Amino acid sequence: MAKVPAGDWVPYVEAFVDVSRSPAEQSASVDALAALVNKDKLTLFDLVSKMDMYLTTTDHIVRSRGIMLLGEIMSQISLKLLDVNAITTLSDFFISRLSDWQALRGALVGCLALLQREPSVGTIMIADVKRLVESLIDNVPVQSLAAADRKLCFQIICCVLDHYPEAVKTMDDELLIWICQSIDEEKDPECLKLSFHLVEVVMKLFSDPSGLASQFASDLFELLSKYFPVYFTHGVGDNVGLPRDELSRALMHAFCATPYFEPFAIPLLLDKLSSSLPLAKLDSLKYLDNCIRCYGADRMVSHTSAIWFKLKEVIFSLSSDQLLSTGSPKDAEKNKNQIVSEAKNCLRTAVTCIHSTDRDIFINLILLDEDIVNNIHSVTTEEKSICRSSHDLNQLQALGSVISIIAESSTYFCTRVFQVHFARLVDILGSSAGFKSQHLNICNGSSSAAINYGALYLSVQMLSSCREVAVASRGDFPPVKSEKESWWLILEEKLDPFIHLLGKLLSIDSQPIQSAVTQKYVSCAVKGLLILTTFPEHCSLLLANAYEDILLMLTSVVARKIVVDKIIPLAKSCDTSMPLNLRLEACFEIGTTGVNEGMECAEYVAHLIDCYSSQLLPWLFTSGGVNELALSFAMHLWDEIRNVATLDRIRSQGLLDSLMMGMKFLVGVCTEEQQSLIVQKACSIISSMLSLPLKSMMHDLSSVEELVPAHSIQDTALVCLLSSVIVGLRPQTPVPDMIMMINLFWVFLLNGQIPAAHALASIFNKYLHNSEFSDENKLDKILDVILGRCFSVVLASSTLKMSHSSAATSDDANCSGSMSASICLRIDILCGLAWIGKGLLMRGDEKVKDISMFLLKCLVLNQISVDIPPHQEEHSDNVSLDASLATSAADAFHVMMSDSEVCLNKKFHARIKLLYKQRFFSILMPIFLSKIKETPAMTAKLVLYRAFGHIISNAPVSAVITEAHQILLVMVDILAKLSVDIQDKDLVYSLLLVLSGMLMDDKGKECVLENIHIIVSVLTQLVSYPHMMVVRETALQCFVAMSSFPHSKVYRMRPQVLRAAIKALDDKKRTVRQEAVRCRQTWYENYVLLGVGNLALWALSSYFPVGNHH
């Protein structure tokens, strides 16, 4: 087919990219281009070739529009056949654009379009899907995006899990961490529906008992529980197209996704049953019903008592007065009836689905319940007429429902109910009816001939239940007839007197009784007779003549139309379905190729290690399937390290760091069995080469300090390499001689070796598997000793130590006497403590509080130095030490909160508790705010500012925004004060990014508007920040974002912002100048109608030509 000339279709591209065109024109352009591609009048190659400038330009507005156009076209050509090369090329492009946040939406649209293609027209490769997900995890913080972009992200990951599960089921737990962070605090209904489905699918995908589902069940359910029950807060005119019931159903499916939610879901649902809100009660019962079916009997047995008591409360005690309702009393009564009906359904499910080795556990719980026993006793000992109160009638109906539910659930339960109650009830009816009398007395009174209505009602309910059991047990019924004391034999024994009683009840029309009362009795009798005649043939108790007699009885009341009214409910279907437990097993095979090459020349090996560590190993790590290669490589490395000359060359040539990182990667990709081999090899070589007396370290921690100065440079290199092995281990890998290992690393930590701290942090983070520590308390005690000694060493001879000398312990005195560590050494030990604290923090260990409080003490050392008496001012060395320790303590919080590539990350199998940064931020925030407020000296306050700045900048932006009203002014003051020192330039930039995040959030905007004058002043200073170009660029971008704020709030700031923007036009960096032009234009255009004075200002600023500054 003839191709369309470029001149005919390029205007469509230009129209879409031009932001001044109307949405209708832009949409028409997409439709026209997609039609040309679908009709083969325009090839994708030609299209992309002509669009190259729009897809790669540095103008982010044009680039984002170009990528969006390509993504929209891909969405409209989803049925067009594309070859593998085209799809792969497009996949590479859109995946690479996920890191371009300014053009993110177009990349998301394109990725989703590729994922949604059918196999018949060409689909994306599995390897590309995996890269897409990894890029999404690395580059896209979902909760910082707009609702439309968040929806695209959820659609993408749902599509991957639904249609490409093999691409993600071998991924690490970083996928679930990203999912949790993406869902947290979501508010948009459509995004919530997708996120609920996302949880459902991912929990089923990783449902192996030792898999990720069990590890993340608590954290995921904590996120889900915030949305239960589902309420809509949108107004009538908000045009939310998603019904509440649909969203609630999606949440219910998420609740039921995995049995691992059981310990959290069931208590929550039972607790919500106590709510006075009808919606909460109703949803709780619906969710509980489905959860019982999905979680399985083994998990639900432990909840039987709690479930029964809650359901009993609803069925027997709920009244419309207990429910909050804005409607009429009729609506409240309707809500009550709906809730009670749902509670009965839930009880039926519980009785049917919850089994145990003791199958009587649930039925005994109900039949022996004190309230049930008392109700049945009341029915069987008193003459109950229909004329009693409505409360008594409701209680009787509730009791009948519960007994029916039990009896209908199985043949065994039916027999149990009949054995306990049926014969006695029929006997009571016989005695109260007086079979020899001609007429029945159904009035309430003391007459011995008065019919016990309660016994009649319950008997008919039981009769209905055994009929349902008979229908359900067609093939298994013969044993029921022959079983001793079965329900069938009990009914057969009592059948004749029961039929006689029901027949007599049909003749009461001649008695002077109110019509309503008559109908109640006759209705019960008709129902009982109809049940008897509709038993299945294989288990019918009636002979031919009995059928004829009952037919004659029923014809006598046809004229009253009761029979017709009562036949209809008998068409109920019997639901005998059992709950379906879905279990998926994620399995995969890893193909490997062993490498066993000789390494003869130590010098070449050293250079190869550097190459492998910095380039090859990181690439292999992302590719997978390399554990045999990694094992072989690691074992050969340790063989070469045994050679002292090789070790000296590695150390002398500065390749130790590369070798350490390479060793971590090698160990990290291995299996537990392979890692065990590497550990044993390393320990064997270390023990043979190390000059330290390892035997003395096997059991005792007390003599470690004596060994601190007793090691060589070679020992340091060996221990650093051993620490790299420990860092890369999986938590379940067995480690021999753990006491010796901890003592060894402690010795080198006290000598200021940070790799030793990495190893200790990994040990305490993972609680590495070892028979010596079957009890975690033992490892905790060792940790306490290590922390206590390190605290003493760091503070030895400090001002804090001097000011509290009277309270110093003998251990501290001995430590300070034997340790005359230099300032640098103490700083290194303090950094090592931060790494140990990081390991404890990431696993959620409470002992991180000890390290945090110690660091806080170090932060205020400057304040103590200021306050020391004049006669002690000769201790200038102590003051200098305090200042250094305080600065290092501030940096320690950066170590604890930031992500690390060298230690304690997912690649090296660290234990990471979900949302640990948020929790740490929430705990420390009020402490720092109080300390800052109490500290008058600016020197001491700057250290607190630096520490708090590290905490804020590394906490999730959403958590910071939540507390914006408390910390915004402090954060702005930190920006202003730290912008003076060049050493704080990275921290200033990080804090500025947090502030920019606040400007994009509705809650953050509110706080910013309240303090707009101060924030604009600080941003004006940062526009001229000399130490980092991106700080100046980001400050101008913040001004652009603020231009959309309400005019009344920011108009007074306009001259100040424009002066800063005009000044930035002379910046040395082109990027800053371009942002300054954009800032100036944005603030002018948003307020162009504000007066002639403003136009004059614009005229003056136009004399600064932008082009001359390139």
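Conventions we followed
Residues numbered from 1 in each chain as written. Predicted model: local features only at pLDDT ≥ 70, side-chain atom pairs only at ≥ 80, totals over all residues. Heavy atoms only, no water. Helix = DSSP H or I, 4+ residues; strand = E, 2+ residues; numbered from the N terminus. Buried < 20%, exposed > 50% of the residue type's maximum accessible area, 1.4 Å probe, protein only. Contact = heavy atoms within 4.5 Å. Areas by Shrake-Rupley, 256 points an atom, 1.4 Å probe, with all protein chains shown as cover. Salt bridge = Lys/Arg side-chain N within 4 Å of Asp/Glu carboxyl O. Expected span 1.5 Å × (residues − 1). Core = buried A, V, L, I, M, F, W, Y, C linked by side-chain atoms within 4.5 Å. Phe/Tyr/Trp six-rings, centres within 6.5 Å; stacked < 30°, edge-to-face > 60°. Lys NZ or Arg CZ within 6 Å of the ring centre and 35° of its normal. Axes fitted to C-alpha atoms, helices over the stretch in contact; angles between N-to-C directions. Parallel < 35°, antiparallel > 145°, perpendicular 65-115°, else oblique. Left-handed = near helix turned anticlockwise from the far one by under 90°. Nonpolar A, V, L, I, M, F, W, Y, C, P; charged D, E, K, R; others polar. Lys, Arg positive; Asp, Glu negative; His and termini not counted. pLDDT = per-residue confidence, 0-100.

## Comments concerning the overall build of the chain
The helix and strand inventory of the chain stands at 55 helices and zero strands. A total of 1110 residues make up the chain; the buried ones form 52% of that total. At a minimum sequence separation of 6, the contacts of the chain that also span at least 24 residues come to 78%. Carbon and sulfur atoms make up 54% of the accessible area of the chain, which totals about 49200 Å².

## With respect to the pattern of salt bridges
Pairing between side chains of opposite charge can happen when their charged atoms approach one another. Evaluated as defined, the whole model comprises 36 salt bridges. Linking lysine 849 and glutamate 846 is a salt bridge whose minimum nitrogen-to-oxygen distance equals 3.0 Å. Each of Asp184, Glu185, Lys187 and Lys226 takes part in a single network of salt bridges with overlapping partners.

## Structural notes on helix α1 (residues 6-17)
Along its twelve residues, α1 runs 16 Å from first to last C-alpha, staying within 8% of the 16 Å computed at 1.5 Å per residue. For α1, the set of buried residues is Trp9, Val13, Ala15, Phe16 and Val17. In this fold, the buried residues of α1 make contact with α2 (23-38), α3 (44-50), α4 (52-56) and α5 (60-76).

## Considering the nonpolar core
Across soluble globular proteins, nonpolar side chains have a tendency to be buried as a group. In terms of nonpolar packing, the biggest core is built from 197 residues, with Phe255 and Trp487 touching the most fellow members. Counting residues per element, this core draws most heavily on helix α23 (residues 453-472), at eleven residues. If you look at the next biggest cluster of nonpolar residues, it comprises 172 residues, including Phe893, Val895, Cys903 and Leu1036.

## Brief notes about the packing of aromatic side chains
Within a pair of aromatic rings, the relevant descriptors are the distance that separates the centres and the angle that separates the planes. Taken as a whole and judged by the stated rule, the model has 16 aromatic pairs. Ring geometry for phenylalanine 418 versus phenylalanine 422: centroids 4.5 Å apart, planes at 25°, classification stacked. Note that phenylalanine 418 and phenylalanine 422 are positioned in helix α22 (residues 411-433) at a spacing of four residues, about one turn of the helix. Using a relative accessible area of 0% as the deciding quantity, one classes phenylalanine 418 as buried. Of the residues examined, phenylalanine 422 reaches a relative accessible area of 0% and is grouped as buried. Above the plane of the ring of phenylalanine 16 lies arginine 65, whose end atom (NZ or CZ) is 4.2 Å from the centre.

## Quick look at helix α45 (residues 938-954)
Relative to the 24 Å expected for 17 residues at 1.5 Å per residue, α45 spans 24 Å between its end C-alpha atoms, a close match to the ideal helical length. Extensive coverage of α45 is indicated by the burial of 14 of its 17 residues.

## Looking at the packing of helix α33 (residues 672-689) against helix α34 (residues 713-727)
Between α33 and α34, whose axes approach to 10 Å, the crossing angle comes to 165°. What the angle tells us is that α33 and α34 run roughly antiparallel. Where α33 crosses over α34, the two elements pack in a sense that is left-handed. Seen from α33, the contacting residues are Ile678, Val679, Ala682, Ile686 and Met689; seen from α34, they are Gln714, Asp715, Leu718, Val719, Leu722 and Val725. When grouped by side-chain class, the residues that make up the contact of α33 with α34 number nine nonpolar, one polar and one charged.

## Quick notes on the side chain of glutamate 342
By the secondary structure assignment, glutamate 342 is in helix α18 (residues 329-353). Although glutamate 342 is buried, it makes no salt bridge; lysine 286 carries the closest opposite charge, 5.2 Å away.

## Some details on unusual backbone geometry
A cis amide bond links phenylalanine 228 to the next residue, proline 229, at an omega of -10°. Note that proline 229 resides in the loop between α12 (212-225) and α13 (244-255). At aspartate 40, a position not held by glycine, the phi torsion is positive, near 60°. Of note, aspartate 40 is situated in the loop between α2 and α3. Residue classification places aspartate 40 among the partly exposed residues on the basis of a relative accessible area of 40%.

## A closer look at the confidence of the model for the chain
Scored by pLDDT, the chain comes out at a mean of 80, with 78% of its residues at no less than 70. Mean pLDDT values for the elements of the chain range from 40 in helix α55 (residues 1092-1101) up to 95 in helix α7 (residues 104-115). Scored below 50 in pLDDT, residues 866-875 shows four contacts in the model against residues more than four places distant or in partner chains. Low pLDDT, under 50, characterises residues 1089-1110; the stretch is placed with 25 contacts to residues that sit more than four places away or in other chains.

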